[in-house]
Structures are given as structure tokens and as C-alpha cells.
Amino acid sequence: GIQVEQSPPDLILQEGANSTLRCNFSDSVNNLQWFHQNPWGQLINLFYIPSGTKQNGRLSATTVATERYSLLYISSSQTTDSGVYFCAVDNAGGTSYGKLTFGQGTILTVHP
Amino acid sequence: GAGVSQTPSNKVTEKGKYVELRCDPISGHTALYWYRQSLGQGPEFLIYFQGTGAADDSGLPNDRFFAVRPEGSVSTLKIQRTERGDSAMYLCASSVQRGLYNEQFFGPGTRLTVL
């Protein structure tokens, strides 16, 4: 099956710093999502981004499907950004659904 | 409600017991997914429903796990003869499928502990 690798595995920042999280995947995909998992385990949707660039406030994401990677940018980080960030993809081969395959996540800690 | 809901939020049981975990998807979402997340790992797919039928159950680890969605809305994940290795966070997601668009939205999860 498809492989998803996220880097770095851990990231420690001072409040106000910027960061880039990377997601590499081993095959073409129909769907790519970025999630933030809060301390209670809830997965919060950040971006649905199989290709292209999107921005939402301090967060933005870019997926280069032909090169099989996606980047999540966090600018002016805040302590509330702390948590685990997951990239998840599906490659159902052109069908309209796909089970998501998740990476191992990046654990982000933002210190005040 | 506005989002996916799951009950109970926490479940503690003893080895060998039977448990049921419930998922209520977003209204109008025809697709429903179950995932399992062990500590320190990303979620792993268990089963997918399109309407009432299980379209893909390839992620169920063994025949002690079973899921139903009898009316195409609420789903129940059933685990028989629980083992300590079943302890994990069980996550449910739903989506509305339009063409290739299939953004999945997750519930808060049920944390299962098998003693």
C-alpha cells in the first residue's frame, strides 16, 4: 500500500516562530488532508488539498502532486498550535472514495 | 448535531468482555469510516460504509471485530472477547462524496481500555 512519511517527527518552537512540516507519499493520490490532533484526541481538519495551495489565517499548505509531497506552513506560532499534525492520503485510483492512510505525525510544541 | 459524535467517550472493560462503540455521522453524509489509533501512532483504517453496506472491511484485524450501519446513518462497532491489545482510541469519520471530493470529518473518538 501507499507509504506516508512526515518530517520532522518532533518540533519545538518559541512563540512567534515560523515552521514548515513536510509530508512525502509514495504514489499518486486522490485526496490529501492535514489534521491537527488536540490533547483530547480530536482530529481537526486543517486543509483538504490534493493539489495546489491554500491559506487559512496563519496556516497555509501546498501540495505538489507530481512530486508526491505536501507542505504545511505555520507562521507566527502560538502555544495553542501545540499538538500532533497528521498528513493523510488516499489513492483509491480514481474512485470517489478512499480510506485514508496516515503518516506518523509531527509533534509540535510551542513554548511561550 | 453539527459534527460527528461518538459514544461513549471512554470505555473501560475487562479482558474477554463484549463492547459496542457508537458513531453518529454528520447529517447527509453517506460515507462512514472507522479507524483505530494506538498510542504514538497515526490512525489506521478499519472499515468503510457506503450507505448501509460495508464497502471495504479490509482493515478489520480479525473476526472478533464487526460493524453495522443498518439504516445508513448511525454505525456500531462491535468487539467480541476483548483483548488487552484492543486498547486504543477508536475514531469514526464521515464524508459526503461528490465526484472525487471526499473530505473526511472525524468525531472525538472513544478511548477503549481493556484491563
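Above this text you will find the structure in question.
Residues numbered from 1 in each chain as written. Chains lettered and ligands numbered in written order. Predicted model: local features only at pLDDT ≥ 70, side-chain atom pairs only at ≥ 80, totals over all residues. Heavy atoms only, no water.

This part takes up the state of the cysteines. Overall, the coordinates contain two disulfides over all chains when judged by the stated rule. Put simply, Cys23(A) and Cys87(A) are joined by a disulfide, and their sulfur atoms are 2.0 Å apart. Since a negative S-S torsion denotes a left-handed disulfide, the Cys23(A)-Cys87(A) link at about -60 degrees is left-handed. One end of the pair, Cys23(A), is in strand β3 (residues 19–25); the other, Cys87(A), is in strand β9 (residues 83–90), and 64 residues separate them in sequence. Assessed through its relative accessible area of 0%, Cys23(A) is described here as buried. Here Cys23(B) connects covalently by a disulfide to Cys92(B), the sulfurs 1.8 Å from one another. Between Cys23(B) and Cys92(B), the S-S torsion sits near -65 degrees, and that sign places the bridge as left-handed. Residue Cys23(B) is found in strand β3 (residues 19–24), and its partner Cys92(B) is found in strand β9 (residues 88–95); the two are separated by 69 residues along the sequence. The same class applies to Cys23(B) as to Cys92(B), namely buried. (Disulfide = S-S within 2.5 Å. Helix = DSSP H or I, 4+ residues; strand = E, 2+ residues; numbered from the N terminus. Buried < 20%, exposed > 50% of the residue type's maximum accessible area, 1.4 Å probe, protein only.)

Moving on: the layout of surface pockets. There is about 410 Å³ of room inside the largest pocket. In this structure, the largest pocket is lined by 24 residues; those nearest its centre are Gln37(A), Gln37(B), Ser38(B), Leu39(B) and Gly40(B). At the level of secondary structure, the elements contributing two or more residues to the lining of the largest pocket comprise β9 and β11 (106–111) of chain A together with β9 and β11 (110–114) of chain B. Top contributing element to the lining of the largest pocket by residue count: β11(B), with three residues. Tallied by class, residues from the lining of the largest pocket come to ten nonpolar, twelve polar and two charged. What the second largest pocket holds in volume is close to 340 Å³. What lines the second largest pocket is a set of 20 residues, among which Ile2(A), Lys99(A), Leu100(A), Thr101(A) and Phe45(B) lie closest to the centre. For the lining of the second largest pocket, the secondary structure elements donating two or more residues are β9 and β10 (101–102) of chain A together with β5 (44–50) of chain B. The residue inventory of the lining of the second largest pocket, partitioned by class, reads eight nonpolar, eight polar and four charged. (1 Å grid on protein atoms, 1.4 Å probe; cavity = no way out; pocket = protein on both sides within 12 Å on 5 of 7 lines; lining within 4 Å. Points joined across faces, edges and corners; volume = space filled by probe spheres on them. Nonpolar A, V, L, I, M, F, W, Y, C, P; charged D, E, K, R; others polar.)

Between chain B and chain A, the residue contacts involve 23 residues of the former and 21 residues of the latter. Of the roughly 1,900 Å² buried at the junction of chain B and chain A (both faces included), carbon and sulfur atoms supply 50%. Ranking the residues of chain B by area buried against chain A places Pro43(B), Leu100(B) and Phe106(B) at the top, with a combined share of 26%. Scanning the region where chain B abuts chain A turns up zero salt bridges. For the pair chain B and chain A, the number of links is eleven residue pairs in polar contact (both at pLDDT 80 or more). At the level of elements, β4 (31–37), β5, β9 and β10 (105–106) of chain B are the ones that each hand at least two residues to the side of chain B that touches chain A. With three residues, β4(B) is the single largest residue contributor to the side of chain B that touches chain A. Here the side of chain B that touches chain A is composed, by residue class, of twelve nonpolar, nine polar and two charged. (Contact = heavy atoms within 4.5 Å. Buried area = accessible area lost by both parts, 1.4 Å probe. Salt bridge = Lys/Arg side-chain N within 4 Å of Asp/Glu carboxyl O. Polar contact = N/O pair within 3.5 Å; in protein donor to acceptor, adjacent residues only side chain to side chain.)

What describes a pair of aromatic rings is the distance from one ring centre to the other and the angle between the planes of the rings. Tallying each qualifying case throughout the model produces ten aromatic pairs over all chains. Centroid distance Phe102(A) to Tyr35(B): 5.8 Å. Interplanar angle 80 degrees. Geometry classified as edge-to-face. Separated into two different chains, Phe102(A) in strand β10 and Tyr35(B) in strand β4 make up a pair that spans both. Each member of the pair, Phe102(A) together with Tyr35(B), is buried. Geometrically, the ring pair formed by Phe102(A) and Phe106(B) is edge-to-face, given 6.0 Å between the ring centres and 80 degrees between the ring planes. Taken together, the residues Phe102(A) in strand β10 and Phe106(B) in strand β10 connect one chain to another. The two residues Phe102(A) and Phe106(B) agree in class, both being buried. Grouped by ring-pair contacts, the aromatic residues Phe35(A), Phe86(A), Phe102(A), Tyr33(B), Tyr35(B), Phe45(B), Tyr48(B) and Phe106(B) constitute a single cluster. Residue placement shows Arg22(A) over the ring face of Tyr69(A); its charged tip is 4.2 Å from the ring centre. (Phe/Tyr/Trp six-rings, centres within 6.5 Å; stacked < 30°, edge-to-face > 60°. Lys NZ or Arg CZ within 6 Å of the ring centre and 35° of its normal.)

Note that every value here comes from positions in space, so none of it alone points to a role or purpose.
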